[in-house]
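Structural characterization, general
Each chain is listed here by its residues.
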Amino acid sequence: MQQPVSFEDLIAKAEALNLYQNLVIQVNKDFLLANIDLDFEVDILPSSMKYLLHEVIFKLIQEKFADYLNLLYIIDVSEEKIKQLDGSDTLVLSEQVTFLILQREWQKVWFRNHYKS
């Protein structure tokens, strides 16, 4: 599996394989596991999901850092990738983390679909 390099690439791959709704469901599931109040409708526009997700991640970094770290742990975002990010601008950092979250969630959805019986 080749990881998507941009948000647009990720969405294009998800829609091409008819897995976009599965991606939304996976995001909802992991946020629920992390006790973060976020529940997207399965037919949400990709741009809206990205915007709302970015907003939530930004607020978590600013106000509830422990919850943010717990979310990254539950989703299983690579610690190495997080450490490579520049944290000097929280807005940019939250945007990059949002993409890493979506990338990891997409990986879960793709593997589940690719290897199902």
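Everything that follows concerns the structure shown earlier in this document.
Residues numbered from 1 in each chain as written. Predicted model: local features only at pLDDT ≥ 70, side-chain atom pairs only at ≥ 80, totals over all residues. Heavy atoms only, no water.

Now for the pattern of salt bridges. Evaluated as defined, the whole model comprises 5 salt bridges. Two residues, D9 and K13, come together in a salt bridge whose shortest N-O distance is 3.8 Å. Taken together, the residues span about one helical turn, with D9 and K13 both in helix α1 (residues 7–16) at a distance of 4 residues. A residue is classified by how much of its surface remains accessible, and D9, at 22% relative accessible area, is partly exposed. Two residues, E105 and K108, come together in a salt bridge whose shortest N-O distance is 3.4 Å. Within this pair, E105 and its partner K108 are both found in helix α6 (residues 90–114), separated by 3 residues, close to a single helical turn. Among the residues examined, K108 registers a relative accessible area of 15% and is labelled buried. Taken together, the shared-partner salt bridges in this structure form one network comprising D30, E105 and K108. (Salt bridge = Lys/Arg side-chain N within 4 Å of Asp/Glu carboxyl O. Helix = DSSP H or I, 4+ residues; strand = E, 2+ residues; numbered from the N terminus. Buried < 20%, exposed > 50% of the residue type's maximum accessible area, 1.4 Å probe, protein only.)

Before going further, it helps to examine the nonpolar core. Membership of the largest hydrophobic core comes to 35 residues, with the highest contact counts inside it found for F31, I57 and L71. Secondary-structure elements contributing two or more residues to this core are α1, α2 (20–33), α3 (46–63), α4 (65–75) and α6. The leading source of residues in this core is α6, at 9 residues. When neighbours within four sequence positions are excluded, I57 is seen to be in contact with F31, Y68, L71, S94, V97, T98 and I101. (Core = buried A, V, L, I, M, F, W, Y, C linked by side-chain atoms within 4.5 Å. Contact = heavy atoms within 4.5 Å.)

We now examine a nonpolar patch on the surface. A surface patch of nonpolar side chains, about 330 Å² in accessible area, is lined by M1, F111 and Y115. Examined against the element boundaries, M1 turns out to sit in the segment before α1. Assessed through its relative accessible area of 39%, M1 is described here as partly exposed. (Patch = residues over 30% accessible without salt bridge, like charges linked within 9 Å, V, L, I, M, F, W, Y side chains within 5 Å. Areas by Shrake-Rupley, 256 points an atom, 1.4 Å probe, with all protein chains shown as cover.)

Once that is clear, we can look at the environment of V27. When you line up the elements, V27 lands in helix α2. The spatial distance from the C-alpha of V27 to the C-alpha of D39 is 8.5 Å, given a sequence separation of 12 residues.

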